[in-house]
Amino acid sequence: MTTTLSPTVVATAQPRLQIRERLQNILPKLVLAPSFLLVLVFVYGFNLWTLFLSFTNSKAFATTKLVGLLNYQRLWNWTFETDPPSNWYTAIVNMGIFGGLYVVFCLFLGLTLAILLDQKIRGEGILRPIYLYPLALSFIVTGTAWKLFLDPGIGLEKAVHDWGWTSFKFDWVVNPRMMIYCVAIAGIWQTSGFVMAMFLAGLRGVDGEIIKAAQIDGASAFATYRRIILPIMRPVFLSALIILTHMAIKSYDLVLSVTGKNPGGAAELPSTFMYSYTFTRNQMAVGSASAVIMLATIAAIMVPYLYSELREKGR
């Protein structure tokens with residue numbers, strides 16, 4: 001027995017279906033609209049506002065009086081002031097030291113740990129959380145812990161002296177020339193586990209048949225990783241490199257917590273330079289110009305990567 005719907009029922013059901021379909025299409029947009037608006041205003045809007053301030057003569061308060069590229073010219077001149085060095089010169093040098101050590105050692109340690117864990121060793125389920133645990137801590141906690149650990153009066157040096165090695169000396173955290181290396185040590189300790197997790201996920205995603213074929217052909221483990229596995233993991237390397245570079249450029253709280261509010265600007269980085277000139281020295285325009293340079297540096301790293309990824313997907 002078949003049931004035939006009347007034309008009236010069908011006519012009534014069709015608008016309801018259309019309304020339901022419209023709601024299904026509109027609902028995701030309504031859910032995302034508030035967050036999109038907040039990002040548009042408080043991220044991109046403030047970025048544009050910072051860019052505008054970098055072309056003004058703003059001091060303690062923002063003004064709209066334009067001075068052109070004067071603030072960028074000041075930073076350019078400070079770049080070469082080495083006797084005595086300007087704060088901006090110190091920030092650039094320290095950025096090179098800290099960024100280089102931070103990126104290289106995080107990549108090396110993360111890849112090494114990932115390869116070791118990929119061997120299906122016992123206790124992997126325990127080791128992975130141990131390596132990832134530092135990432136759960138904030139940079140403030142990490143920096144404070146390392147400051148106490150490296151403090152000559154109460155930390156590593158005192159412990160070694162108590163054990164009888166009185167000639168041992170490790171005062172990097174209070175030595176202006178070595179402070180930036182302590183910041184790098186703390187940063188590497190916190191982030192290496194995160195990089196390890198990225199590489200481990202990449203290793204687990206490699207097709208096992210390719211590895212078996214290489215082993216059948218007589219390739220050693222080193223040759224297999226160097227010629228097959230690591231080239232396949234190129235996207236993971238690029239992603240880790242971008243994330244680490246981004247974190248190195250914007251590092252601020254780690255510097256202050258490790259060095260104790262960066263006395264004398266010994267561990268000055270572009271981020272601490274920007275904050276001090278904007279909010280402490282009442283040079284908002286100069287601080288905004290340094291912030292724009294930081295943003296441009298990050299963009300110079302991310303944009304080519306995004307372009308290459310989109311280009312490959314387009315193919």
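Up top you'll find the structure we're talking about.
Quick summary incoming for the structure in this document.

Bringing the overall build of the protein chain into the picture now. Counting its regular elements, the protein chain contains 13 helices and 0 strands. Each helix and strand of the protein chain, ordered N terminal to C terminal, gives the series α-α-α-α-α-α-α-α-α-α-α-α-α. Relative to a compact globule of 315 residues, whose C-alpha radius of gyration would be 20 Å, the protein chain shows 27 Å and is clearly more extended. With the principal axes as the frame, the protein chain shows a C-alpha extent of 100 × 70 × 35 Å. When each of the 315 residues of the protein chain is scored for burial, the buried share is 34%. A total accessible area of about 19500 Å² is found for the protein chain, and carbon and sulfur atoms account for 68% of it. Of the side-chain charges in the protein chain, 25 are positive and 16 negative, and the distance between the mean point of each set is 9 Å.

Per the counting criterion, the structure on display carries 3 salt bridges. In this structure, D118 engages R204 in a salt bridge whose closest nitrogen and oxygen atoms are separated by 2.9 Å. In this pair, D118 sits in the loop between α3 (87–117) and α4 (124–132) while R204 sits in helix α7 (residues 179–204), placing the two residues 86 residues apart along the sequence. For R204, a relative accessible area of 35% puts it in the partly exposed group. The partner of D171 in a salt bridge is K169, and the shortest N-O contact between them spans 3.9 Å.

Another point: the side chain of T278. Examined against the element boundaries, T278 turns out to sit in helix α12 (residues 270–280). Look at T278 and you get buried, because its relative accessible area is 11%. Within polar-contact distance, the side chain of T278 engages the backbone oxygen of M274 at 2.7 Å. When sequence neighbours within four positions are dropped, the list of residues in contact with T278 reads Q283, M284, G287 and S288.

About the thresholds
Residues numbered from 1 in each chain as written. Predicted model: local features only at pLDDT ≥ 70, side-chain atom pairs only at ≥ 80, totals over all residues. Heavy atoms only, no water. Helix = DSSP H or I, 4+ residues; strand = E, 2+ residues; numbered from the N terminus. Rg over C-alpha atoms; globule rule 2.2 N^0.38 Å. Buried < 20%, exposed > 50% of the residue type's maximum accessible area, 1.4 Å probe, protein only. Areas by Shrake-Rupley, 256 points an atom, 1.4 Å probe, with all protein chains shown as cover. Lys, Arg positive; Asp, Glu negative; His and termini not counted. Charge placed at Lys NZ, Arg CZ, Asp CG, Glu CD. Salt bridge = Lys/Arg side-chain N within 4 Å of Asp/Glu carboxyl O. Polar contact = N/O pair within 3.5 Å; in protein donor to acceptor, adjacent residues only side chain to side chain. Contact = heavy atoms within 4.5 Å.

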